[in-house]
Amino acid sequence: MSNRKLPIGTRDEFGSVAQQKEQIIEQIQRYFRQRGFQKINTPLLEYREVFKPLAPQAYQPYQLLDERGDTLVLRPDLTLPVARVMSTTGIEIPMKWYYSGDIFRVKKRLSGSYNQITQAGIEIIGYASLKAEWECLTAASQLVQAMGIDDMTVELSHAQFVPRVLAALPLNELAKRNLETALYDKDLERYQQQIAPLKADPFYPFLQNWPWLFGDFKAVLAALDQLPAVPQLQSIIADLKATQQFMQAQFPAQAVTLDLSIQPPQEYYTGMVFHGFSQANASFLFSGGRYDQLLASFQQTMQPAVGLAFDVDALVERLPELTTAPATLIYFEPSQWAAATAKQKELPNSSLCLADSAAAAQRIATQKGAQLIDLSQEAAK
Ligand SMILES: N[C@@H](Cc1c[nH]c[nH+]1)C(=O)O
């Protein structure tokens, strides 16, 4: 009886959860409108090619065919459609976009997570400076704080850190790939096997600690003292330090950590990567980063870009339940329509009772635990 079932990984939303979700989306969008961002909407359906830059194993999309037999997908990401828009229209950069919408990612069966996720996010296109990352982090900290969530940790990382360390190691390409996978998977046994041939190498003391290079910002940076000088890492470390100092100065209460052994959540990231998490949530509250090469995969020219997306569902999960004023139902005679409407406007959490009789109205009020105002009594006077 599949007409009574939902597809795996989807859900219905109603009542206070649906209402909180609407409010969160509105709060985020209002914030970005006020900061001078422009709204962008893209379709739910796109050609599969738009999402080529995503790691296929990470985000398997739902696929369908259009009438010509071309493969379409339900969008598994919102950044790539914005990159497509930028490269197919003559919109001038720099540009700051905000958006909200659902994305679809087929997850493993029994993973317990949803395949339809609501995101609200931004894409800042055309700014190469660290200020663009700081704009994202400012928005994330201020918005999450304003929602009343006070246990978020912001974690910084950098998409180039791991590749640049690997490039400096005296290993062949295959050994580097194996080392990278073992590091990202936190498969310590395989990792130890991969670094064993480097026991006499100056990188060895650092390599022994690498899988644990996450957590307290200063402690992680201090562990880099063991690293032989790699000139290609200097700008990365300087940017991360400057960003941590920025956060400390602007948002002293915001916890900021550093992870130098993590796989970036998107393959298209080329620079600093950041996300926010709370101990109470399995998913990130927001996730984002710099992706300077992405527009080049749609057109010839490279454009600097940074963005982030909030996971609206994860935010709602963290919010305290809505407490609403006790409900009131207003029963009235058809001739009292205008008076009933005026009364309803006055009373918070009230609605018109559309029942045919006062007795039916009373039954509904009792069933809903609502107070009943009966205007028909006044009409009768
Ligand atoms: N699209 C990314 C988030 C992001 C927006 N802009 C840059 N990154 C995600 O879903 O993880």
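Each value, and the rule that gives it
- Residues numbered from 1 in each chain as written.
- Predicted model: local features only at pLDDT ≥ 70, side-chain atom pairs only at ≥ 80, totals over all residues.
- Heavy atoms only, no water.
- Helix = DSSP H or I, 4+ residues; strand = E, 2+ residues; numbered from the N terminus.
- Buried < 20%, exposed > 50% of the residue type's maximum accessible area, 1.4 Å probe, protein only.
- Contact = heavy atoms within 4.5 Å.
- Phe/Tyr/Trp six-rings, centres within 6.5 Å; stacked < 30°, edge-to-face > 60°.
- Lys NZ or Arg CZ within 6 Å of the ring centre and 35° of its normal.
- Pairing = 2+ DSSP bridges.
- Right-handed = clockwise from strand over helix to strand, strands pointing away.
- Salt bridge = Lys/Arg side-chain N within 4 Å of Asp/Glu carboxyl O.

*Asks:* Even after reading the chapter, I still don't get the environment of Gly9, so can you show me in this structure?
*Replies:* Among the structural elements, Gly9 can be located in the segment before helix H1 (15-34). Taking the relative accessible area as the measure of exposure, Gly9 reaches 15% and is therefore buried. A sequence separation of 206 residues divides Gly9 from Gly215, and the C-alpha atoms of the two residues are 32 Å apart. Excluding anything up to four places from it in sequence, Gly9 contacts Ser113, Tyr114, Asn115 and Gln116.

*Asks:* Could you clarify how one ought to interpret the packing of aromatic side chains in this entry?
*Replies:* Applying the stated rule across the entire model yields 10 aromatic pairs. Taking the centre distance of 5.3 Å and the plane angle of 40° together, the rings of Phe206 and Trp210 count as tilted. As far as the burial class goes, Phe206 and Trp210 line up, both buried. In this structure an aromatic cluster arises from ring pairing among Tyr31, Phe32 and Phe37. Geometry around Phe37 places Lys96 over its ring, the cationic atom sitting 5.5 Å from the centre.

*Asks:* What exactly am I supposed to notice about the pairing of strand S13 (residues 328-331) here?
*Replies:* On a regular strand, each side chain points to the face opposite its neighbour's, so the side chains alternate between the two faces of the sheet. Neither face of S13 is exposed, since Thr328 and Ile330 on one face and Leu329 and Tyr331 on the opposite face are all buried. Pairing analysis gives three bridges linking S13 to strand S14 (residues 350-352), with the strands arranged parallel. Directly across from Thr328, in S14, lies its bridge partner Ser350. Note on the crossover from S13 through helix H11 (residues 337-346) to S14: the handedness is right-handed. In the sheet, S13 pairs with strand S15 (residues 371-374) via four bridges, with the strands oriented parallel. In the strand pairing of S15, Ile330 is matched with Ile373.

*Asks:* Before we go on, may I ask you to explain the pattern of salt bridges in this structure?
*Replies:* Two side chains bearing opposite charge may form a pair once their charged atoms approach each other closely. Enumeration according to the criterion identifies 19 salt bridges in this entry. Between Glu180 and Arg177 there is a salt bridge, with the nearest N and O atoms lying 3.0 Å from each other. Residue Glu180 and its partner Arg177 are located together in helix H5 (residues 173-185), separated by three residues, close to a single helical turn. Through salt bridges with shared partners, a single ionic network connects Arg11, Glu13, Lys21 and Asp313.

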